[in-house]
Amino acid sequence: MEPSVAGDPVSAYFSAASFAFLRSLATHNDKAWFNEHRAQYEEHVRQPFLRLIGDLQPALAEVSLKFRADTRGVGGSLFRIHRDARFSHDKSPYKTWQGARLFHERRREVPAPSFYIHLQPGASFVGAGLWHPEPDTQRRIRHFILDNPGSWKAAAHAPALRRRFELDQSEKLVRPPRGFPADFEFIEDLKHRNWVLWRPVDDATMTGPRLLSTVSKDLAALGPFVDYLCAALDLEF
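Residues numbered from 1 in each chain as written. Predicted model: local features only at pLDDT ≥ 70, side-chain atom pairs only at ≥ 80, totals over all residues. Heavy atoms only, no water.

Caption draft 1: Spatial organisation of the sheet that holds strand 2 (residues 98–104). Spatially, the six strands line up as an open sheet ordered 1-2-3-4-6-5, and their pairing is antiparallel. Whereas interior strands pair on both sides, the edge strands pair on one side only; in this sheet they are strand 1 (67–68) and strand 5 (166–167). As defined by bridge partners, strand 4 (residues 125–130) adjoins strand 6 (residues 195–200) across six bridges and the pair is classed as antiparallel. Its bridge partner lying in strand 6, Val 126 is registered against Arg 199. Packing against the sheet, helix 3 (residues 38–63) makes contact with strand 1, strand 2 and strand 3 (114–119), and its axis sits at approximately 25° to strand 2. (Pairing = 2+ DSSP bridges. Helix = DSSP H or I, 4+ residues; strand = E, 2+ residues; numbered from the N terminus. Contact = heavy atoms within 4.5 Å. Axes fitted to C-alpha atoms, helices over the stretch in contact; angles between N-to-C directions.)

Caption draft 2: Region of interest: the packing of aromatic side chains. Inspection of every chain in the model, using the stated rule, returns 15 aromatic pairs. With a centroid separation of 5.0 Å and an interplanar angle of 75°, the aromatic rings of Phe 144 and Tyr 228 are classed as edge-to-face. Here Phe 144 is found in helix 4 (residues 135–147), whereas its partner Tyr 228 is found in helix 9 (residues 211–232), with 84 residues between them in sequence. Pairwise contacts between aromatic rings join Phe 21, Trp 33, Phe 34, Tyr 41 and Tyr 94 into one cluster. (Phe/Tyr/Trp six-rings, centres within 6.5 Å; stacked < 30°, edge-to-face > 60°.)

Caption draft 3: Representation of helix 4. A rise of 1.5 Å per residue sets the reference length of helix 4, with its 13 residues, at 18 Å; its end C-alpha atoms lie 18 Å apart and thus fit the reference within 8%. Buried-residue contacts for helix 4 involve strand 4, helix 5 (149–156), helix 7 (187–190), strand 6 and helix 9. (Expected span 1.5 Å × (residues − 1).)

Caption draft 4: A look at the packing of helix 1 (residues 16–27) against helix 3. In contact at an axis separation of 8 Å, helix 1 and helix 3 are set at 130° when each is read in the N-to-C sense. As judged from the angle between their axes, helix 1 and helix 3 are oblique. Our pair here, helix 1 against helix 3, has a crossing hand that is left-handed. The residues of helix 3 that touch helix 1, namely those facing Ala 17, Ser 18, Phe 21 and Leu 22, are Gln 40, Tyr 41, His 44 and Val 45. Looking at the contact of helix 1 with helix 3 residue by residue, the classes come out as five nonpolar, three polar and no charged. (Parallel < 35°, antiparallel > 145°, perpendicular 65-115°, else oblique. Left-handed = near helix turned anticlockwise from the far one by under 90°. Nonpolar A, V, L, I, M, F, W, Y, C, P; charged D, E, K, R; others polar.)

Caption draft 5: Local environment of the confidence of the model for the protein chain. Per-residue pLDDT for the protein chain has a mean of 93; in total, 96% of the residues score no lower than 70. Taken together, the stretch residues 1–9 has pLDDT below 50 and engages in 15 contacts with residues farther than four places along the chain or on a different chain. (pLDDT = per-residue confidence, 0-100.)

Caption draft 6: Structural detail: the environment of Pro 58. Relative to the helices and strands, Pro 58 is located in helix 3. For the pair Pro 58 and Ile 81, spaced 23 residues apart in sequence, the C-alpha separation works out to 26 Å.

Caption draft 7: Geometry of the pattern of salt bridges. On inspection of all chains with the given rule, the structure shows 13 salt bridges. The shortest N-O distance in the salt bridge between Glu 236 and Arg 106 comes to 3.7 Å. Placement of Glu 236 in the segment after helix 9 and of Arg 106 in the loop between strand 2 and strand 3 is noted, with a sequence separation of 130 residues between them. We note a salt bridge from Asp 218 to Arg 199, for which the minimum N-O separation is 3.0 Å. With Asp 218 in helix 9 and Arg 199 in strand 6, the pair connects residues that are 19 residues apart, well separated along the chain. For Asp 218, a relative accessible area of 0% translates into the label buried. With relative accessibility at 10%, the residue Arg 199 sits in the buried group. (Salt bridge = Lys/Arg side-chain N within 4 Å of Asp/Glu carboxyl O. Buried < 20%, exposed > 50% of the residue type's maximum accessible area, 1.4 Å probe, protein only.)

What follows is the structure in structure tokens.
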């Protein structure tokens, strides 16, 4: 598969077979079934995702030279399909989706935001930000927003950006964090435990020929938001 040239469309990465595999995996989430159907996983999910990751690197480099779209099968951008069920009541061994993060080059040294692509029937999405940061990182983000509200407004609340993306609302404090003024313009944003902008991507787009250009545009649109989070954490962008 060749990447897009001068805006020309490329062949699709994913297909109806990609979603069919993930739906079947949700029904038959056990090692015996997965091993029997591993070839379908490789053909319709894993290998297409790795190609997409590789083809996104030029677009990502235009956004930031500090982030990586890493095609390594182990230790790269693509998350493992295996679940870590050690501390969960749900002992099913496999995720029923496939995800990838385009990460900062210093991710192993310090907390860092990332871009994220999620493949799941009826629930695919593209996003970027910080997910489940440690309390110290949360405090740093909150103080940075408090000290730099104008640039936060531009990075996270620009009208064109918010017409396409929304701030994740899944985990928030009930009250303003201690030590922060309750009348602060963005006090609701300070209540977040995650700082993530995301948007759903329909199945037709995920399986269509314009996926690469669509996600490339999303990376560019999300760049200022990720840049702001990097600044808050003293990371180069």
